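# Structural overview for review
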Amino acid sequence: MCYLCSASKDTKGGQHQDKMKIGLNGRFLLKGRMEGIGWFCHEVIRRMVKQHQEHEFYIFFDRDFDPEFIFEKNVHGIKIGWPARHPILWYAWFEFALPRALKKFEIDLFISMDGYCSLSTTIPQYLVMHDLAFVHYPEQLNFWARKYYKNFVPKFLKKAHHVFAVSNATKQDIIKQFQISPEKIEVCYSGVKDNFKKLSDEEIVQVRNKYTSGNPYFLFVGALHPRKNVHGLIKAFDLFKSLNENAIKLVIVGRKAWMTNEIEYAYQHAKYKDEIQFLEDIDNEELALITAAAYAAVAPSFLEGFGVPAAEALVCGIPVLCSNQFSLPEIAGPGAILFDPNRSESIADAMLAIVNDKNLQERIDLGFKHKELFSWDKTTEVIGNRIFGK
(Lines give C-alpha, C1' and ligand atoms only; values in the text may rest on other atoms or scores of the structure.)
Protein backbone atom coordinates (compact mmCIF):
# COMPACT_ATOMS: atom_id res chain seq x y z
CA MET A 1 0.00 0.00 0.00
CA CYS A 2 1.55 3.28 -1.05
CA TYR A 3 0.39 6.72 -2.02
CA LEU A 4 2.14 9.97 -2.78
CA CYS A 5 1.15 13.31 -1.31
CA SER A 6 3.29 16.04 -2.84
CA ALA A 7 3.32 19.77 -2.31
CA SER A 8 4.64 20.12 -5.87
CA LYS A 9 2.67 18.91 -8.91
CA ASP A 10 5.56 19.49 -11.30
CA THR A 11 7.32 16.14 -11.46
CA LYS A 12 8.50 16.36 -15.08
CA GLY A 13 11.98 17.03 -16.40
CA GLY A 14 15.35 15.38 -16.01
CA GLN A 15 17.50 15.54 -12.89
CA HIS A 16 20.45 17.86 -12.72
CA GLN A 17 23.60 15.97 -11.80
CA ASP A 18 23.73 17.82 -8.45
CA LYS A 19 20.10 17.05 -7.65
CA MET A 20 19.43 14.15 -5.31
CA LYS A 21 16.38 12.28 -4.12
CA ILE A 22 16.73 12.02 -0.35
CA GLY A 23 14.67 9.64 1.77
CA LEU A 24 13.72 10.51 5.35
CA ASN A 25 12.30 8.36 8.13
CA GLY A 26 9.06 10.03 9.24
CA ARG A 27 7.65 7.39 11.61
CA PHE A 28 7.81 9.71 14.63
CA LEU A 29 6.14 12.68 12.93
CA LEU A 30 2.81 12.22 14.67
CA LYS A 31 0.61 15.30 14.92
CA GLY A 32 -0.19 16.12 18.55
CA ARG A 33 1.87 13.18 19.86
CA MET A 34 5.48 14.12 19.28
CA GLU A 35 8.00 13.64 22.07
CA GLY A 36 11.81 13.84 21.99
CA ILE A 37 12.64 11.90 18.81
CA GLY A 38 9.58 13.26 17.02
CA TRP A 39 10.61 16.85 17.72
CA PHE A 40 14.18 16.09 16.63
CA CYS A 41 12.85 14.84 13.28
CA HIS A 42 10.42 17.75 12.93
CA GLU A 43 12.89 20.53 13.64
CA VAL A 44 15.76 19.14 11.58
CA ILE A 45 13.69 18.07 8.58
CA ARG A 46 11.80 21.34 8.24
CA ARG A 47 15.06 23.28 8.26
CA MET A 48 16.91 20.88 5.98
CA VAL A 49 14.31 20.85 3.20
CA LYS A 50 14.11 24.65 3.23
CA GLN A 51 17.88 25.09 3.10
CA HIS A 52 18.35 22.58 0.27
CA GLN A 53 15.72 23.45 -2.30
CA GLU A 54 17.95 21.96 -4.98
CA HIS A 55 17.09 18.43 -3.78
CA GLU A 56 13.86 16.42 -3.60
CA PHE A 57 12.93 14.98 -0.21
CA TYR A 58 10.73 11.92 0.28
CA ILE A 59 9.44 11.43 3.84
CA PHE A 60 8.39 7.83 4.44
CA PHE A 61 5.57 7.35 6.98
CA ASP A 62 4.15 4.16 8.46
CA ARG A 63 0.59 5.56 8.71
CA ASP A 64 -1.58 8.37 7.40
CA PHE A 65 0.23 11.66 7.93
CA ASP A 66 -0.76 15.26 8.43
CA PRO A 67 -0.16 17.63 5.47
CA GLU A 68 1.64 20.02 7.84
CA PHE A 69 4.67 17.73 7.58
CA ILE A 70 4.99 18.49 3.87
CA PHE A 71 7.08 21.52 4.76
CA GLU A 72 8.12 22.79 1.31
CA LYS A 73 7.42 22.31 -2.40
CA ASN A 74 10.39 19.96 -2.67
CA VAL A 75 8.89 17.55 -0.10
CA HIS A 76 6.83 14.45 -0.83
CA GLY A 77 5.04 12.34 1.76
CA ILE A 78 4.94 8.61 1.20
CA LYS A 79 2.86 6.21 3.29
CA ILE A 80 4.22 2.68 3.09
CA GLY A 81 3.44 -0.60 4.78
CA TRP A 82 1.67 -0.54 8.12
CA PRO A 83 2.02 1.14 11.53
CA ALA A 84 5.39 -0.17 12.77
CA ARG A 85 5.03 -0.11 16.55
CA HIS A 86 6.04 -3.68 17.42
CA PRO A 87 9.37 -5.50 16.86
CA ILE A 88 7.93 -7.81 14.23
CA LEU A 89 6.45 -4.85 12.38
CA TRP A 90 9.67 -2.84 12.80
CA TYR A 91 11.48 -5.63 11.00
CA ALA A 92 8.88 -5.91 8.25
CA TRP A 93 8.74 -2.15 7.68
CA PHE A 94 12.50 -1.57 7.54
CA GLU A 95 13.47 -4.77 5.71
CA PHE A 96 10.59 -5.10 3.22
CA ALA A 97 8.36 -2.03 2.86
CA LEU A 98 11.10 0.59 3.06
CA PRO A 99 13.64 -1.02 0.64
CA ARG A 100 10.89 -1.45 -1.96
CA ALA A 101 9.93 2.21 -1.62
CA LEU A 102 13.55 3.38 -1.80
CA LYS A 103 13.97 1.47 -5.03
CA LYS A 104 10.62 2.56 -6.49
CA PHE A 105 11.31 6.26 -5.98
CA GLU A 106 15.00 5.94 -6.93
CA ILE A 107 16.20 7.38 -3.63
CA ASP A 108 19.90 8.28 -3.55
CA LEU A 109 20.41 8.23 0.23
CA PHE A 110 18.34 7.70 3.37
CA ILE A 111 18.40 9.64 6.65
CA SER A 112 16.95 7.97 9.75
CA MET A 113 16.74 9.99 12.96
CA ASP A 114 15.19 7.36 15.26
CA GLY A 115 18.09 4.92 15.60
CA TYR A 116 16.78 2.40 13.04
CA CYS A 117 17.86 1.77 9.46
CA SER A 118 17.49 -0.93 6.83
CA LEU A 119 19.85 -3.85 6.35
CA SER A 120 18.22 -4.66 2.99
CA THR A 121 19.27 -1.69 0.89
CA THR A 122 22.61 -0.73 -0.60
CA ILE A 123 22.12 3.06 -0.71
CA PRO A 124 24.04 5.16 1.85
CA GLN A 125 22.21 5.59 5.16
CA TYR A 126 22.79 8.26 7.82
CA LEU A 127 21.70 7.29 11.31
CA VAL A 128 20.97 9.38 14.43
CA MET A 129 21.42 7.54 17.74
CA HIS A 130 19.85 9.02 20.88
CA ASP A 131 20.94 6.54 23.53
CA LEU A 132 21.73 2.90 24.29
CA ALA A 133 19.31 2.52 27.17
CA PHE A 134 18.49 -1.03 26.08
CA VAL A 135 22.08 -2.06 26.86
CA HIS A 136 22.08 -0.65 30.38
CA TYR A 137 18.46 -1.30 31.39
CA PRO A 138 17.26 -4.33 29.39
CA GLU A 139 14.88 -5.34 32.18
CA GLN A 140 12.77 -2.26 31.40
CA LEU A 141 11.89 -3.62 27.94
CA ASN A 142 9.56 -6.43 27.00
CA PHE A 143 11.10 -9.66 25.70
CA TRP A 144 10.62 -8.99 21.98
CA ALA A 145 11.84 -5.39 22.06
CA ARG A 146 14.89 -6.48 24.07
CA LYS A 147 15.72 -9.20 21.54
CA TYR A 148 15.22 -6.85 18.60
CA TYR A 149 17.51 -4.11 19.93
CA LYS A 150 20.20 -6.55 21.04
CA ASN A 151 20.28 -8.20 17.63
CA PHE A 152 19.75 -5.29 15.25
CA VAL A 153 21.21 -2.11 16.77
CA PRO A 154 24.84 -3.33 16.39
CA LYS A 155 24.04 -4.24 12.78
CA PHE A 156 22.44 -0.84 12.14
CA LEU A 157 25.53 0.93 13.47
CA LYS A 158 27.83 -1.13 11.26
CA LYS A 159 25.56 -0.76 8.23
CA ALA A 160 25.19 3.02 8.47
CA HIS A 161 27.40 5.13 6.24
CA HIS A 162 27.71 7.64 9.10
CA VAL A 163 26.30 7.94 12.63
CA PHE A 164 25.27 11.07 14.54
CA ALA A 165 25.17 10.86 18.35
CA VAL A 166 23.19 13.46 20.29
CA SER A 167 25.93 13.85 22.91
CA ASN A 168 29.56 12.93 23.42
CA ALA A 169 28.41 10.59 26.20
CA THR A 170 26.27 8.69 23.70
CA LYS A 171 29.15 8.62 21.19
CA GLN A 172 31.53 7.15 23.76
CA ASP A 173 28.91 4.61 24.79
CA ILE A 174 28.49 3.45 21.19
CA ILE A 175 32.26 3.09 20.80
CA LYS A 176 32.57 1.17 24.05
CA GLN A 177 29.62 -1.15 23.56
CA PHE A 178 29.99 -1.97 19.86
CA GLN A 179 33.59 -1.06 18.91
CA ILE A 180 32.45 1.35 16.20
CA SER A 181 35.23 3.55 14.82
CA PRO A 182 35.20 7.04 16.42
CA GLU A 183 35.69 8.56 12.96
CA LYS A 184 32.32 7.16 11.91
CA ILE A 185 30.44 8.94 14.73
CA GLU A 186 29.82 12.66 14.95
CA VAL A 187 28.31 14.53 17.91
CA CYS A 188 25.15 16.35 16.92
CA TYR A 189 23.40 17.97 19.90
CA SER A 190 19.64 18.34 20.00
CA GLY A 191 18.12 21.80 20.09
CA VAL A 192 15.44 23.53 22.14
CA LYS A 193 12.04 24.63 20.87
CA ASP A 194 11.73 28.33 20.11
CA ASN A 195 9.02 29.03 22.70
CA PHE A 196 11.37 28.33 25.63
CA LYS A 197 12.68 31.66 26.92
CA LYS A 198 13.09 33.76 30.05
CA LEU A 199 10.01 35.26 31.70
CA SER A 200 9.60 38.58 33.43
CA ASP A 201 9.11 38.66 37.21
CA GLU A 202 5.43 39.44 36.67
CA GLU A 203 4.99 36.46 34.32
CA ILE A 204 6.73 34.15 36.79
CA VAL A 205 4.29 35.23 39.50
CA GLN A 206 1.35 34.49 37.20
CA VAL A 207 2.56 30.96 36.41
CA ARG A 208 3.32 30.17 40.05
CA ASN A 209 -0.09 31.48 41.11
CA LYS A 210 -1.69 29.10 38.60
CA TYR A 211 0.15 25.94 39.66
CA THR A 212 1.62 26.28 43.15
CA SER A 213 -0.42 29.00 44.87
CA GLY A 214 2.37 31.48 44.20
CA ASN A 215 5.16 29.37 45.70
CA PRO A 216 8.54 28.60 44.08
CA TYR A 217 9.08 25.02 42.93
CA PHE A 218 11.61 22.47 41.80
CA LEU A 219 10.68 21.07 38.41
CA PHE A 220 11.02 17.61 36.87
CA VAL A 221 10.02 17.04 33.23
CA GLY A 222 9.96 13.65 31.54
CA ALA A 223 8.07 10.42 31.03
CA LEU A 224 7.49 8.58 34.30
CA HIS A 225 9.37 5.27 34.32
CA PRO A 226 12.17 3.74 36.41
CA ARG A 227 15.14 5.09 34.44
CA LYS A 228 14.01 8.66 35.15
CA ASN A 229 14.41 8.07 38.92
CA VAL A 230 11.30 10.01 39.88
CA HIS A 231 10.88 7.81 42.97
CA GLY A 232 14.37 8.85 44.11
CA LEU A 233 13.49 12.50 43.49
CA ILE A 234 10.35 12.23 45.63
CA LYS A 235 12.32 10.67 48.49
CA ALA A 236 14.97 13.38 48.15
CA PHE A 237 12.37 16.16 48.20
CA ASP A 238 10.86 14.68 51.36
CA LEU A 239 14.30 14.71 52.99
CA PHE A 240 14.98 18.25 51.76
CA LYS A 241 11.74 19.53 53.27
CA SER A 242 12.49 17.85 56.59
CA LEU A 243 15.91 19.54 56.74
CA ASN A 244 14.94 23.03 55.62
CA GLU A 245 11.76 24.89 56.47
CA ASN A 246 10.66 26.60 53.27
CA ALA A 247 7.76 27.10 50.86
CA ILE A 248 9.33 25.36 47.86
CA LYS A 249 7.15 22.77 46.10
CA LEU A 250 7.93 19.96 43.68
CA VAL A 251 6.21 19.91 40.28
CA ILE A 252 6.46 16.70 38.21
CA VAL A 253 5.43 17.04 34.56
CA GLY A 254 5.08 13.95 32.39
CA ARG A 255 2.94 11.06 31.26
CA LYS A 256 2.91 7.76 33.08
CA ALA A 257 4.94 5.49 30.81
CA TRP A 258 5.59 2.09 32.41
CA MET A 259 6.55 0.44 35.70
CA THR A 260 5.30 3.37 37.80
CA ASN A 261 4.51 1.40 40.97
CA GLU A 262 7.73 2.54 42.65
CA ILE A 263 6.84 6.16 41.95
CA GLU A 264 3.37 5.70 43.38
CA TYR A 265 4.77 4.01 46.48
CA ALA A 266 7.28 6.81 47.08
CA TYR A 267 4.57 9.43 46.68
CA GLN A 268 2.05 7.73 48.96
CA HIS A 269 4.67 7.33 51.69
CA ALA A 270 6.05 10.86 51.39
CA LYS A 271 5.54 13.01 54.49
CA TYR A 272 5.31 16.10 52.31
CA LYS A 273 3.24 14.66 49.48
CA ASP A 274 0.83 17.61 49.70
CA GLU A 275 3.74 19.74 48.48
CA ILE A 276 4.10 17.64 45.29
CA GLN A 277 2.11 18.42 42.15
CA PHE A 278 1.77 16.00 39.21
CA LEU A 279 0.90 17.49 35.81
CA GLU A 280 0.05 15.47 32.71
CA ASP A 281 -1.14 16.42 29.22
CA ILE A 282 0.69 19.76 29.28
CA ASP A 283 1.19 21.25 25.81
CA ASN A 284 4.49 22.74 24.69
CA GLU A 285 3.46 26.35 25.15
CA GLU A 286 2.41 25.75 28.74
CA LEU A 287 5.49 23.61 29.45
CA ALA A 288 7.72 26.48 28.37
CA LEU A 289 5.98 28.76 30.91
CA ILE A 290 6.17 26.18 33.70
CA THR A 291 9.88 25.67 33.00
CA ALA A 292 10.73 29.37 32.95
CA ALA A 293 8.87 29.99 36.22
CA ALA A 294 10.64 27.22 38.15
CA TYR A 295 13.04 27.89 41.01
CA ALA A 296 15.33 25.18 39.61
CA ALA A 297 15.08 22.19 37.30
CA VAL A 298 16.02 18.75 38.63
CA ALA A 299 17.15 15.95 36.29
CA PRO A 300 17.71 12.80 38.40
CA SER A 301 17.82 10.23 35.57
CA PHE A 302 20.17 7.27 35.69
CA LEU A 303 20.69 7.57 31.93
CA GLU A 304 19.95 10.26 29.34
CA GLY A 305 21.26 10.29 25.81
CA PHE A 306 20.86 14.05 25.75
CA GLY A 307 18.52 15.43 28.43
CA VAL A 308 16.23 17.91 26.68
CA PRO A 309 14.57 19.32 29.86
CA ALA A 310 17.99 20.33 31.22
CA ALA A 311 18.76 22.26 28.02
CA GLU A 312 15.30 23.84 28.10
CA ALA A 313 15.91 25.05 31.65
CA LEU A 314 19.21 26.67 30.63
CA VAL A 315 17.49 28.55 27.81
CA CYS A 316 14.89 29.82 30.30
CA GLY A 317 17.60 31.06 32.68
CA ILE A 318 16.83 28.44 35.31
CA PRO A 319 19.54 26.72 37.39
CA VAL A 320 19.89 22.96 36.91
CA LEU A 321 20.48 20.21 39.45
CA CYS A 322 21.32 16.96 37.71
CA SER A 323 22.59 13.42 37.90
CA ASN A 324 26.33 12.98 37.50
CA GLN A 325 25.82 10.11 35.03
CA PHE A 326 25.97 9.79 31.24
CA SER A 327 25.18 12.96 29.25
CA LEU A 328 23.59 15.15 31.92
CA PRO A 329 26.78 16.85 33.20
CA GLU A 330 27.74 17.51 29.57
CA ILE A 331 24.37 19.06 28.73
CA ALA A 332 23.75 20.94 31.99
CA GLY A 333 27.19 22.50 31.80
CA PRO A 334 29.48 24.30 34.26
CA GLY A 335 26.71 26.05 36.18
CA ALA A 336 24.92 22.86 37.22
CA ILE A 337 25.00 21.23 40.65
CA LEU A 338 25.69 17.52 40.24
CA PHE A 339 24.53 14.70 42.50
CA ASP A 340 24.63 10.92 42.75
CA PRO A 341 21.21 9.72 41.48
CA ASN A 342 21.54 6.48 43.45
CA ARG A 343 21.43 8.38 46.75
CA SER A 344 18.41 10.46 47.70
CA GLU A 345 20.62 12.17 50.30
CA SER A 346 22.84 13.46 47.50
CA ILE A 347 19.85 14.86 45.58
CA ALA A 348 18.58 16.53 48.77
CA ASP A 349 22.03 18.03 49.36
CA ALA A 350 21.91 19.57 45.87
CA MET A 351 18.52 21.10 46.67
CA LEU A 352 19.89 22.56 49.89
CA ALA A 353 22.95 23.85 48.04
CA ILE A 354 20.90 25.78 45.48
CA VAL A 355 18.70 27.30 48.18
CA ASN A 356 21.77 28.50 50.08
CA ASP A 357 23.85 29.47 47.04
CA LYS A 358 25.13 33.04 47.43
CA ASN A 359 26.38 33.02 43.84
CA LEU A 360 23.12 31.87 42.25
CA GLN A 361 23.08 34.51 39.51
CA GLU A 362 26.62 33.60 38.48
CA ARG A 363 25.52 29.96 38.22
CA ILE A 364 22.53 30.95 36.09
CA ASP A 365 24.72 33.09 33.83
CA LEU A 366 27.08 30.16 33.25
CA GLY A 367 24.16 27.98 32.23
CA PHE A 368 22.68 30.67 29.98
CA LYS A 369 26.01 30.94 28.15
CA HIS A 370 26.33 27.15 27.88
CA LYS A 371 22.91 26.99 26.18
CA GLU A 372 24.47 28.41 23.01
CA LEU A 373 25.62 24.88 22.17
CA PHE A 374 22.03 23.79 21.67
CA SER A 375 20.03 25.05 18.71
CA TRP A 376 18.16 23.30 15.93
CA ASP A 377 20.00 25.44 13.39
CA LYS A 378 23.30 24.02 14.62
CA THR A 379 21.87 20.50 14.67
CA THR A 380 20.75 20.83 11.06
CA GLU A 381 24.08 22.37 10.08
CA VAL A 382 26.08 19.44 11.48
CA ILE A 383 23.96 16.87 9.66
CA GLY A 384 23.76 18.97 6.48
CA ASN A 385 27.50 19.56 6.29
CA ARG A 386 28.19 15.84 6.50
CA ILE A 387 25.61 14.91 3.86
CA PHE A 388 25.67 17.87 1.46
CA GLY A 389 29.13 19.31 2.13
CA LYS A 390 29.87 22.79 3.46
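As a reminder, the structure under discussion sits directly above these lines.
Within any chain, residue numbers begin from 1 and follow the written order of that chain's sequence. The predicted origin of the model limits local features to residues at a pLDDT of at least 70 and limits the giving and counting of side-chain atom pairs to 80 or more, whereas totals for whole chains, interfaces and linings rest on all residues. To get the side-chain values, all heavy atoms of the structure are used, and hydrogens and water are removed first.

Throughout this description, the term salt bridge denotes a Lys or Arg side-chain nitrogen within 4 Å of a carboxyl oxygen of Asp or Glu. Here the structure, examined in full by the defined rule, presents 19 salt bridges. A salt bridge links Glu 43 to Arg 46; the shortest N-O distance between them is 3.1 Å. With Glu 43 and Arg 46 both in helix H1 (residues 36-51) and three residues apart, the pair spans about one turn of that helix. Residue burial is assigned from relative accessible area. The probe radius is 1.4 Å, only protein chains are included, and a residue is buried under 20% of its type maximum, exposed over 50%, and partly exposed in between. Residue Glu 43 is classed as buried on the basis of its relative accessible area, which comes to 5%. With a shortest N-O distance of 2.8 Å, Asp 64 and Lys 79 are connected by a salt bridge. Of this pair, Asp 64 sits in the loop between strand S3 (56-61) and strand S4 (75-80) while Lys 79 sits in strand S4, and the two are 15 residues apart along the sequence. For helices the rule is a DSSP run of H or I covering at least 4 residues; for strands it is a run of E covering at least 2, with both sets numbered from the N terminus onward.

Glancing now at the pairing of strand S7 (residues 162-165). Burial of S7 is two-sided: the residues His 162 and Phe 164 facing one way and the residues Val 163 and Ala 165 facing the other way are all buried. Each pair of strands is called paired provided DSSP finds at least two bridges between the two strands. Sheet topology note: the strand S6 (residues 125-129)/S7 ladder contains four bridges and is parallel. Counterpart to Tyr 126 in the pairing with S7 is His 162. The pairing of S7 with strand S8 (residues 185-187) spans three bridges and is parallel. Across the sheet, Phe 164 pairs through a bridge with Glu 186, a residue of S8.

Our next topic: a nonpolar patch on the surface. The patch calculation keeps residues exceeding 30% relative accessible area without a salt bridge and links them within 9 Å when they carry like charges or within 5 Å when they are nonpolar (Val, Leu, Ile, Met, Phe, Trp, Tyr). Calculation of accessible area relied on Shrake-Rupley with a 1.4 Å probe; when residues are assessed, cover is drawn exclusively from the protein chains displayed. A cluster of nonpolar side chains, contributed by Trp 82, Ile 88 and Leu 89, occupies part of the molecular surface with about 260 Å² of accessible area. If you trace the backbone, Trp 82 turns up in the loop between S4 and helix H2 (87-104).

Moving on to the sheet that holds strand S11 (residues 276-279). Remark on secondary structure: sheet strands pair via backbone hydrogen bonds, oriented parallel or antiparallel. The six strands are arranged S11-S10-S9-S12-S13-S14 in an open sheet whose pairing can be described as parallel. The sheet terminates laterally at S11 and strand S14 (337-339), the two strands that pair on one side only. For this sheet the average axis-to-axis angle between neighbouring strands, irrespective of direction, equals 20 degrees. Pairing between strand S12 (residues 296-299) and strand S13 (residues 320-323): three bridges, direction parallel. Across the sheet, residue Val 298 finds its bridge partner in S13, namely Leu 321. By the convention used here, residues are in contact when the closest approach between their heavy atoms is within 4.5 Å. Note on geometry: axes are lines fitted to C-alpha atoms, helical ones only across the stretch in contact, with angles between N-to-C directions running from 0 to 180 degrees. Strands strand S9 (217-221), strand S10 (249-253) and S11 of the sheet are contacted by helix H6 (residues 201-212), whose axis makes an angle of about 80 degrees with S9.

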